[in-house]
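Tertiary structure, described
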Amino acid sequence: MTDRLYLSPPHIGPDELALVTEAFETNWVAPVGPHVDAFEREFAAYVGAEHAVALSSGTAALHLALRDLGIGPGDEVLVSTLTFCASVNPILYEGATPVFVDSERASWNLDPNWVEDAFRQRAAAGKQFAALVPVHLYGQSADLDALAALCERYGVPMIEDAAEALGASYKGRSPGTTGRAGIYSFNGNKIITTSGGGMLVTDRAETAAHVKKMATQAREPAAHYEHAEVGFNYRLSNVLAGIGRGQLRVLDDRVNARRRVYEAYREALGDLPGLTFMPEAEWGRHTRWLTCLTIDAEAFGATPEAVRLALEAENIEARPVWKPMHLQPVYAGYESIGGAVAEDLFARGLCLPSGSAMTEGDIARVVEAVRACAATAAA
Ligand SMILES: *Cc1c(COP(=O)(O)O)cnc(C)c1O
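Residues numbered from 1 in each chain as written. Predicted model: local features only at pLDDT ≥ 70, side-chain atom pairs only at ≥ 80, totals over all residues. Heavy atoms only, no water.

Turning next to the overall build of the protein. Looking only at helices and strands, the protein features 14 helices and 12 strands. For 379 residues, the compact-globule formula gives about 21 Å, and the C-alpha radius of gyration of the protein, at 21 Å, lands near that figure. With respect to the three principal axes, the spread of C-alpha positions in the protein is 75 × 60 × 35 Å. Within the protein, the fraction of its 379 residues that count as buried is 54%. In the protein, 71% of the contacts between residues at least 6 apart in sequence involve partners at least 24 apart. Summed over all atoms, the accessible surface of the protein reaches about 15,300 Å², with 52% contributed by carbon and sulfur. Put simply, the protein has 32 plus and 48 minus side-chain charges, and the middle of one group is 1 Å from the middle of the other. (Helix = DSSP H or I, 4+ residues; strand = E, 2+ residues; numbered from the N terminus. Rg over C-alpha atoms; globule rule 2.2 N^0.38 Å. Buried < 20%, exposed > 50% of the residue type's maximum accessible area, 1.4 Å probe, protein only. Contact = heavy atoms within 4.5 Å. Areas by Shrake-Rupley, 256 points an atom, 1.4 Å probe, with all protein chains shown as cover. Lys, Arg positive; Asp, Glu negative; His and termini not counted. Charge placed at Lys NZ, Arg CZ, Asp CG, Glu CD.)

As a further point, take helix 5 (residues 112–124). The terminal C-alpha atoms of helix 5 lie 18 Å apart, and with 13 residues this matches the ideal 18 Å at 1.5 Å per residue to within 8%. Burial in helix 5 covers these residues: Pro112, Val115, Ala118, Phe119 and Arg122. One side of helix 5 holds all its buried residues, which, seen down the axis, span an arc of 120°. What points out from helix 5, more than 90 degrees from its buried face, is the exposed set Asn113 and Ala124. On the buried face of helix 5, the contacting elements are strand 2 (76–80), strand 3 (97–101), strand 4 (131–133), helix 6 (144–154) and strand 11 (336–337). Positive phi appears at Gly126, one or two residues downstream of helix 5, with a value of about 75°. (Expected span 1.5 Å × (residues − 1). Arc of directions from axis to C-beta.)

The next thing to look at is the pattern of salt bridges. Per the stated rule, a full pass over the model turns up 25 salt bridges. The residue Arg67 makes a salt bridge to Glu94 at a minimum N-O spacing of 3.0 Å. Residue Arg67 is found in helix 3 (residues 58–68), and its partner Glu94 is found in the loop between helix 4 (89–93) and strand 3; the two are separated by 27 residues along the sequence. The exposure class assigned to Arg67 is partly exposed, which follows from its relative accessible area of 22%. For Arg105, the salt bridge is made with Asp344, and the minimal N-O distance between the two is 3.0 Å. You can see Arg105 sitting in the loop between strand 3 and helix 5 and its partner Asp344 sitting in helix 12 (residues 340–348), a full 239 residues away along the chain. For Arg105, a relative accessible area of 45% corresponds to the partly exposed category. When salt bridges with common partners are traced through the structure, they connect Glu116, Asp117, Arg120 and Arg153 into a single cluster. (Salt bridge = Lys/Arg side-chain N within 4 Å of Asp/Glu carboxyl O.)

Okay, the packing of helix 2 (residues 34–47) against helix 8 (residues 238–249) next. Interhelical geometry of helix 2 versus helix 8 gives an angle of 35° and a closest axis separation of 8 Å. Relative to helix 8, helix 2 is oriented so that their crossing is left-handed. Contacts between helix 2 and helix 8 involve Pro34, His35, Val36, Ala38, Phe39, Glu42, Phe43 and Tyr46 from the former and Asn238, Ala241, Gly242, Gly244, Arg245 and Leu248 from the latter. Its residues placed into classes, the contact of helix 2 with helix 8 shows eight nonpolar, four polar and two charged. (Axes fitted to C-alpha atoms, helices over the stretch in contact; angles between N-to-C directions. Left-handed = near helix turned anticlockwise from the far one by under 90°. Nonpolar A, V, L, I, M, F, W, Y, C, P; charged D, E, K, R; others polar.)

Take the site of the ligand next. The local shell around the ligand holds 15 residues, among which Gly58, Thr59, Glu164, Ser185 and Lys190 are the closest. Within the side chain of Thr59, an N or O atom sits 2.5 Å from an oxygen atom of the ligand. One nitrogen or oxygen atom from the side chain of Glu164 is found 2.6 Å from an oxygen atom belonging to the ligand. Protein chains shield 95% of the accessible area of the ligand, which is 380 Å² for the free molecule. (Near = heavy atom within 4 Å. Polar contact = N/O pair within 3.5 Å; in protein donor to acceptor, adjacent residues only side chain to side chain.)

All right, on to helix 6 then. Every buried residue belonging to helix 6 is among Leu144, Leu147, Leu150, Cys151 and Tyr154, and all of these are buried. The buried residues of helix 6 all sit within an arc of 135° when viewed along its axis, so they share a single face. Facing away from the buried side of helix 6 by more than 90 degrees, the exposed set consists of Glu152 and Arg153. Count one or two residues on from helix 6 and you reach Gly155, which has phi positive near 70°.

We note that the domain assignment places domain 1 (14–250) and domain 2 (252–378) within the protein. Taken over C-alpha atoms, the centre of domain 1 sits 26 Å from the centre of domain 2. Each partner contributes residues to the interface: domain 1 has 46 residues there, and domain 2 has 41 residues. If you look at where domain 1 meets domain 2, you find 27 residue pairs in polar contact (both at pLDDT 80 or more). If you list the elements that add at least two residues to the side of domain 1 that touches domain 2, you get strand 2, helix 4, strand 3 and helix 5. Considering each element in turn, the side of domain 1 that touches domain 2 owes the most residues, five residues, to strand 3. When its residues are assigned to classes, the side of domain 1 that touches domain 2 shows 24 nonpolar, 14 polar and eight charged. (Domains from an automatic or database assignment.)

See the structure below:
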């Protein structure tokens, strides 16, 4: 039996174990400590934000970003439909109403034209969205300047879900640093990991302080336990922050490795009819966190699901592109604007194993299994 090839497994660098050991040796085994402080400083410097707050997950980071805005029942939040459910669940945690928006083909991310339509519609009715949550999918930034200009014009705060896009760039900036706040994830499948964890970044000192407070049970500055608002237990462990510091040191290597994996797939599969790789928009660097493609079943000779099952038979994990949120039973009944592009990408999309530790042999295994599915293979 050959080893299983995972979609995006963890890839630990040379320093992580020593940093974790340091946490043990200094007895900072707590959701506070020098690694947490250093990880926040180093992360903020890497992405170019004023403040960073280390949290237990990307979902927790998004939850607190929305809570800091004061979002609640009666508020509408405009959010990408093509995403993972964690972009949307925190909107529901706060009792607000998600409104889903379609993607554009250039980046697979939020289409600014649909966003403008939605903003204009609400303005005509004398209403306004409480926030816009663009998602930077699969390692690529959305069109931030276009979205930021609309947010500015209509007075809508932007909270960026950059969970999948750490290491990417948009006109030289990091996705996640344009809006009022941005969030990242260090789950085990992301481009760097702390096993589980997240980060919120912002240039607003008040937001950073409020988020840190809410993440630690909202304790007021008093020796006894004094509370004036509801808090959460969302801080990142100092042990895990040690892993994060080590991972941040190798982040650029990981981006380069993932881009090399993508290049290898493109060279080995690019000649097959009916296969189209996710485009890299002209505005910046795509990390290729996952190599994604769409398959035209007729031209290629097999459906994306047939390819996925053929890979599975070879002990290779592949996944469909995210199922749009407006098609999810849990979000049935919420308004959806556009939707045809996201639905098409879901119907035809497939994500290939993309781990930064993949060898040439690993890539060759995937390539061989995909090529065997193509109509030309039978000829
Ligand atoms: C992974 C992910 C999240 C959530 O991050 P966690 O750390 O797993 O909570 C949010 N949004 C997107 C788009 C993600 O891919």
